Amino acid sequence: LLEAIASRRDRAAFQELFERCHKKAYRLALYFCGDSAQAEDVVQDAMLAVWLNAGKYQRQHGSAEAWLLRVVANRGLRAVRRKQIEKKRTMAKTNDTARTGEASPAQTMPQQELLAAMRGILERLPLDLRRILALYFAGGMSQAEISKALKMSPSTVSHRIQEALDNLRLSLKQ
């Protein structure tokens, strides 16, 4: 499909690729962003990048789906970084002076609190470990596909997944 997109700008091939991969791409973006609107933006941005850069795809490095999910993961990481920078700027400006005294929805809804805590724990993981976890769990990629997509050995991928899970376990115990 990517060859047809690159050589002929084949819209039908692009539509087929989108339909095949949209759900996985969205789940992966949502894993990174934690926000459905931002995840949709990430997927749209990634699909535009795929349309524009389809000629850069090299079959020997993995499947078209793996390549597309790697683009989504990279765009998702960028979105997370931008969000973190904005958050730091906002925190620096407000300097924690604005407190209303009202309970936030996260305080009144245990499930949201848990999700927020988990998101915070995940954000503390190094980005390379977070990317591998996202590809593995949210992207549904096998360790072999991740290995090809990220150009690292399967044993390194396996080790990093285990390292990330160990970090998560330790954080949850604290």
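Residues numbered from 1 in each chain as written. Predicted model: local features only at pLDDT ≥ 70, side-chain atom pairs only at ≥ 80, totals over all residues. Heavy atoms only, no water.

A.B. asks: What exactly am I supposed to notice about the confidence of the model for the protein chain here?
C.D. replies: Detailed conclusions should not be drawn from predicted coordinates in areas where pLDDT is low. In this model, the protein chain carries a mean pLDDT of 79, and residues with pLDDT of at least 70 account for 84%. When pLDDT is averaged over each helix and strand of the protein chain, the minimum, 46, is found for helix α5 (residues 105–108) and the maximum, 88, for helix α3 (residues 36–53). Note that pLDDT drops below 50 for residues 104–109; the model gives that stretch 6 contacts with residues more than four away or on any other chain. (pLDDT = per-residue confidence, 0-100. Helix = DSSP H or I, 4+ residues; strand = E, 2+ residues; numbered from the N terminus. Contact = heavy atoms within 4.5 Å.)

A.B. asks: In this structure, what is going on with α3? I would like to understand it.
C.D. replies: Side chains of residues three or four places apart in an α-helix project in the same direction, reflecting 3.6 residues per turn. Compared with the 26 Å implied by 1.5 Å per residue over 18 residues, the 25 Å span of α3 between its first and last C-alpha is a close match. Buried residues of α3: Gln38, Ala39, Val42, Val43, Ala46, Met47, Ala49, Val50 and Trp51, and no others. (Expected span 1.5 Å × (residues − 1). Buried < 20%, exposed > 50% of the residue type's maximum accessible area, 1.4 Å probe, protein only.)

A.B. asks: Would you mind going over the packing of helix α8 (residues 143–150) against helix α9 (residues 154–173) with me for this structure?
C.D. replies: The angle between the axes and the distance between the axes are what describe a pair of packed helices. Between α8 and α9, the least distance of the axes is 8 Å, while the angle of their chain directions is 110°. Put simply, α8 runs roughly perpendicular to α9. Like other packed secondary-structure pairs, α8 and α9 cross with a definite hand, here right-handed. Seen from α8, the contacting residues are Gln143, Ile146 and Ser147; seen from α9, they are Pro154, Val157, Ser158 and Ile161. (Axes fitted to C-alpha atoms, helices over the stretch in contact; angles between N-to-C directions. Parallel < 35°, antiparallel > 145°, perpendicular 65-115°, else oblique. Left-handed = near helix turned anticlockwise from the far one by under 90°.)

A.B. asks: I would appreciate a short explanation of helix α7 (residues 127–138) in the present structure.
C.D. replies: Within α7, the full set of buried residues consists of Leu129, Arg130, Ile132, Leu133, Ala134, Leu135 and Ala138. Positive backbone phi, approximately 70°, marks Gly140, located one or two places after α7.

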